[in-house]
Amino acid sequence: MDATQQTVTTPDGTAIAVTRRHGGGQAVVFLHAGVADRRSWDAVAALLNDDDDDDLDLVAYDRRGYGETSAAADPASFTHAADLLTVLDALGLDRVFLVGNSMGGALALDAALLLPERVTGLLLIGAGVSGMTDDDTPFDWELDPATEPLLDRAEDASADVETRIAALAHLWLDGPVAPEGRVGGAPRELFADMNRRILEVGAPDSAGDNGIEAWTRLGEVSAPVTCTWGDLDIPADLPFYAEIARRLDQGPARVLPGVAHLPGLEQPDLVAGLVRDTLPR
């Protein structure tokens, strides 16, 4: 099926930009990272769309402040979980499999707790978790020498946009311990384009907070969950990914070799395979 572009309007009048490949099978909703937008899933969805064995209903949308969806004037005026529910209802999707990367993974976990009747399963890729802290872990979040200067440049509001994007790309796309430019070509160009928009809008990370702390409630998630992350991701985050899997207690995690924080951009075939492997049958 061909990809269609549409908008879903929230109760407060915000137009959420949606890409859908409308098949007759299971519904899969892709939730993008905080350094991406819905286009980061295009290559993955295209590969799944080409499968003869699966007629999936594939959906990706831009959260507020990303891509073609405007930011909220008041960051506390909405929740991302409510927006997700609005999208599901508008598209007629009763039960969905959620694929969440980074901040999208945090939303997926929140949704599994807040909307358990709508979620058939989750695939987490380098997922965040609402309320995550190192106060209750035997390890601390400590930046390594490769990550710290990149993070400083990426967050320096006084730096020019291209300098910040270069630091962001090394940090999240290449991986801080990998050589700069490890991932090139179209994925790098797309990463830069997505982040120019993100920096231009400047929506705060706290916008749309769902009001729960999933970190202390992961054992309550009833939907099947598969945890994955790239071995080239930020070193300080790796123990937290393992801790998420431990707290979920649903089986072994999968460490993805040779990729960083955005494997859907650099190896879409890998992520398409993960989706195929973890979809409920």
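Everything here concerns the structure above.
The shown structure was predicted, so the numbers you read here are calculated from the model rather than taken from an experiment.

Here is what the cut-offs are and how they apply
- Starting from 1, residues in each chain are numbered consecutively following that chain's sequence as written.
- With pLDDT at 70 or above as the cut-off, local features in this predicted model cover only qualifying residues; side-chain atom pairs require 80 or more to be listed or tallied, and sums for whole chains, interfaces and linings still use all residues.
- With hydrogens and water stripped out, all remaining heavy atoms of the structure feed into the side-chain values.
- For two strands to be treated as a pair, DSSP must find at least two bridges joining them.
- By definition, any uninterrupted DSSP run of H or I lasting at least four residues is a helix, any uninterrupted run of E lasting at least two residues is a strand, and each is numbered from the N terminus.
- Angles shown run from 0 to 180 degrees and are taken between the N-to-C directions of axes, each axis being a line fitted to C-alpha atoms and, for helices, limited to the stretch in contact.
- Should any heavy atoms of two residues lie within 4.5 Å, those residues are considered in contact.
- Residues adjacent in sequence count toward polar contacts only when both atoms are side-chain atoms; beyond that, a polar contact is any pair of N or O atoms within 3.5 Å, and within protein one must be able to donate a hydrogen and the other to accept it.
- Between buried and exposed lies partly exposed: a residue is buried under 20% and exposed over 50% of the maximum accessible area for its type, with that area taken using a 1.4 Å probe on protein chains only.
- This arc is built from the directions going out from the helix axis to the C-beta atoms.
- Joining through side-chain atoms within 4.5 Å is the link that ties buried Ala, Val, Leu, Ile, Met, Phe, Trp, Tyr and Cys residues into a set, and such a set is a nonpolar core.

Our next topic: the sheet that holds strand β6 (residues 119-125). In any sheet, the strands associate via hydrogen bonds between backbone groups, in a parallel or an antiparallel arrangement. With mixed pairing, the 8 strands of this open sheet are ordered in space as β1-β2-β4-β3-β5-β6-β7-β8. Among the strands making up the open sheet, the edge pair consists of β1 (3-9) and β8 (254-256). Each strand of the sheet is rotated relative to its neighbour by a mean of 25°, with strand direction disregarded. When strand β5 (residues 96-101) meets β6, the two strands line up parallel, connected through 6 bridges. Within the sheet, the bridge partner assigned to Asn101 lies in β6 and is Ile125. Sheet strands in contact with helix α3 (residues 103-114) are β3 (27-31), β4 (57-61), β5 and β6, and its direction is about 155° off that of β6.

Right, let's get into the environment of Thr278. Looking at the secondary structure, you find Thr278 in helix α9 (residues 268-278). Linking Thr278 and Ile234, residues 44 residues apart in sequence, is a C-alpha distance of 25 Å. In this structure Thr278 touches Phe97, Leu123 and Thr226, once residues within four positions along its chain are discounted. Among the polar contacts listed, one links the side chain of Thr278 to the backbone oxygen of Leu274, at a separation of 2.7 Å.

Here we take up helix α1 (residues 42-49). Along α1, the residues that are buried comprise Val44, Ala45, Leu48 and Asn49. Seen end-on, α1 carries its buried residues on one side only, within an arc spanning 135°. Those residues of α1 hidden inside the fold are in contact with β2 (15-21), β3, β4, α8 (263-266) and α9.

The next subject is the nonpolar core. Formed by 42 residues in total, the largest nonpolar core has its most connected members in Val29, Tyr61, Leu122, Leu124 and Leu248. It is α3 that provides the largest number of residues to this core, a total of 6 residues. When near neighbours in sequence (up to four residues on either side) are disregarded, Leu248 contacts Leu109, Leu124, Leu218, Val221, Val225 and Cys227. Among the nonpolar cores identified, the runner-up in size contains 20 residues, and Ala45, Val99, Ile125 and Val275 belong to it.

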